[in-house]
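# Remarks on the overall topology
Letter by letter, the chains look like this.
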Amino acid sequence: MTKNDDVRENESGRPSHVEIDGVRLKLAQPFSSPGQWIGQREILSQLLACWISLDEADLPLTPRLVGSPGVGKTQLAIAAALAQQRPLYIYQCTADTRPEDLLVTPVLSQHGEISYHASPLVTAMVCGGVCVLDEGNRMNEKSWASLAPLLDNRRYVESIVAGITIHADREFRAAVTMNQDESTFEIPDYIMSRLQPTLSVGFPSKQDEMAILQYHLPFAEPEMLAMTVEFLQRSHELKLDFSPRDGINLLRFALKRIAQDPTHPVGRDQAWQEALEKCLGDEAVDLESLAQRRRRTLGGDAVPLGLADLFFDPDDPMHPDRDELDQIDDLDDDDDDIEY
Ligand SMILES: Nc1ncnc2c1ncn2[C@@H]1O[C@H](COP(=O)(O)OP(=O)(O)OP(=O)(O)O)[C@@H](O)[C@H]1O
Ligand SMILES: [Mg+2]
């Protein structure tokens with residue numbers, strides 16, 4: 001807690017208000033939930049290393065956590081904050097996030113007075129907690145610009161709305177998670193250079209994936225868990241984006257369908273297949289074909305485009321190079337392909 005702040009605590013012992021330069025700020029509540037990180041110890045250590053302070057003059061780093069949707073970026077940040085026993089505040093960034101939403105928001109109270117509410121980020125700064133800026137690249141440049149001084153050695157933000165400068169406590173730490181999809185903004189380089197290092201969260205190994213599913217669905221039968229892990233691992237091998245979150249959702253739905261009518265229980269396989277289709281779409285039923293289609297669209301190891309490709313679909317029987325394409329597909333197909 002910064003020295004010159006006047007702090008009020010609520011019944012839970014957590015500060016509820018703080019006064020900075022004569023302006024009273026209502027603080028946000030920390031996020032509390034059990035957040036265990038399973039497997040991949042290295043990336044957890046890397047994240048914790050970013051937050052170490054070696055000396056009075058040393059500054060912590062604010063890393064960006066990147067990886068496919070549902071791979072565990074937010075979970076990793078939550079687990080790191082819990083491991084350090086620091087209060088955790090999560091700010092969900094969106095395309096509509098304005099600088100004042102990130103910092104201090106004026107709220108009209110019942111008696112017509114204005115009260116100032118500190119965001120989870122400002123609360124973490126004041127209380128010496130961890131702030132996870134979740135899905136940071138959904139936020140536009142203007143909002144990022146308001147954080148530039150916080151993310152370098154100045155460690156403060158300026159709230160235009162409240163007319164105050166808020167300094168971060170020495171214990172304040174932050175991390176940003178980022179998604180790689182089309183609905184995100186390009187973050188400017190001067191901000192990217194303040195969000196270092198980049199820690200890339202990868203898909204879990206088979207054992208870890210089993211442990212993750214078991215942790216979230218401890219009541220699932222081993223047979224159902226195994227089917228789901230098998231599916232996820234095959235999709236990781238094929239470089240498809242199905243994630244632990246997809247596995248958890250699909251298994252959850254399958255288990256609910258089985259439990260729905262105890263007199264006519266839906267068969268396990270049938271329920272699992274149905275959940276696969278309903279949660280992940282028809283295309284997830286045949287992973288091999290999906291992977292092949294993706295490779296072709298991405299142009300990765302696909303055949304270079306010829307003139308005929310401009311006029312014919314690769315599967316079109318009229319395609320002049322069809323025989324060649326079929327041969328390439330045959331080479332791609334492993335003997336041990338599994339169809340789900
Ligand atoms: N290593 C892990 N240990 C425990 N749970 C995990 C792990 N990896 C993933 N999960 C679980 O998988 C689900 C998805 O994780 P999370 O929400 O952190 O993904 P994300 O990468 O942040 O996704 P998004 O990009 O959509 O925000 C959560 O329920 C999370 O608890
Ligand atoms: Mg997330």
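Note that the coordinates shown come from a computational prediction; the quantities given were computed from them, not determined experimentally.

## Points about the site of ligand 1
Near ligand 1 you find 22 residues, and of these Ile38, Gly72, Lys73, Thr74 and Gln75 are the closest. Among the secondary structure elements, those contributing two or more residues to the shell around ligand 1 are α2 (73-83), α7 (206-216) and α9 (244-260). Tallied by class, residues from the shell around ligand 1 come to nine nonpolar, 10 polar and three charged.

## Brief notes about the environment of Pro63
Within the secondary structure, Pro63 is located in the loop between α1 (41-50) and β4 (64-66). Each C-alpha atom, one on Pro63 and one on Leu195, is 5.2 Å from the other, the two residues being 132 residues apart in sequence. Dropping the residues within four chain positions of it, Pro63 is found in contact with Leu47, Cys50, Ala175, Leu195, Gln196, Pro197 and Leu199.

## Some thoughts on the packing of α7 against helix α8 (residues 222-237)
Describing two packed helices takes the angle between their axes plus the distance from one axis to the other. Look at α7 against α8: their axes get within 10 Å of each other, and the N-to-C directions meet at 135 degrees. The orientation of α7 relative to α8 falls into the category oblique. Our pair here, α7 against α8, has a crossing hand that is right-handed. Residues Lys206, Glu209, Met210, Leu213 and Gln214 of α7 form the contact with α8, whose participating residues are Leu225, Thr228, Val229, Leu232 and Gln233. The class makeup of the residues in the contact of α7 with α8 is five nonpolar, three polar and two charged.

## Digging into the nonpolar core
One finds Val122 and Cys131 to be the most contacted residues of the largest nonpolar core, which totals 53 residues. Elements that contribute at least two residues to this core include exactly β2 (15-20), α1, α2, β5 (88-92), β7 (114-118), α4 (120-127), β8 (130-134) and β11 (173-178). If sequence neighbours within four positions are ignored, Cys131 has contacts with Tyr89, Tyr91, Pro120, Leu121, Ala124 and Ala174. Ranked by size, the runner-up nonpolar core spans 19 residues in total, among them Ile212, Leu213, Met227 and Val229.

## Some points on unusual backbone geometry
The linkage connecting Gln196 with the following residue, Pro197, adopts the cis geometry, with an omega of -5 degrees. Mapped onto the elements, Pro197 comes out in the loop between α6 (189-192) and β12 (198-200). Its identity is not glycine, yet Gln85 carries a phi of approximately 50 degrees, on the positive side. Checked against the element boundaries, Gln85 lands in the loop between α2 and β5. A tally of 7 C-beta atoms within 10 Å means that Gln85 is categorised as exposed. Residues other than glycine seldom take positive phi values, yet Lys239 does so here, at roughly 60 degrees. Note on placement: Lys239 falls in the loop between α8 and α9.

## As for the pairing of β7
Here two bridges tie strand β3 (residues 23-26) to β7, and the two strands are oriented parallel to one another. Residue pairing in the sheet places Lys26 in a bridge with His117 of β7. Pairing of strand β6 (residues 104-108) with β7, which is carried by five bridges, proceeds in the antiparallel orientation. In the strand pairing of β7, Pro106 is matched with Tyr116. In this antiparallel pair of consecutive strands, β6 and β7, the connection spans five residues, and Gly112 shows a positive phi of 80 degrees.

Here is what the cut-offs are and how they apply
- Residues numbered from 1 in each chain as written.
- Chains lettered and ligands numbered in written order.
- Predicted model: local features only at pLDDT ≥ 70, side-chain atom pairs only at ≥ 80, totals over all residues.
- Near = placed C-beta within 6 Å.
- Helix = DSSP H or I, 4+ residues; strand = E, 2+ residues; numbered from the N terminus.
- Nonpolar A, V, L, I, M, F, W, Y, C, P; charged D, E, K, R; others polar.
- Contact = placed C-beta atoms within 7 Å.
- Axes fitted to C-alpha atoms, helices over the stretch in contact; angles between N-to-C directions.
- Parallel < 35°, antiparallel > 145°, perpendicular 65-115°, else oblique.
- Left-handed = near helix turned anticlockwise from the far one by under 90°.
- Core = buried A, V, L, I, M, F, W, Y, C linked by C-beta atoms within 7 Å.
- Buried ≥ 20, exposed ≤ 12 C-beta atoms within 10 Å, placed from the backbone.
- Pairing = 2+ DSSP bridges.

None of the figures reported here should be taken as evidence of function without further support.
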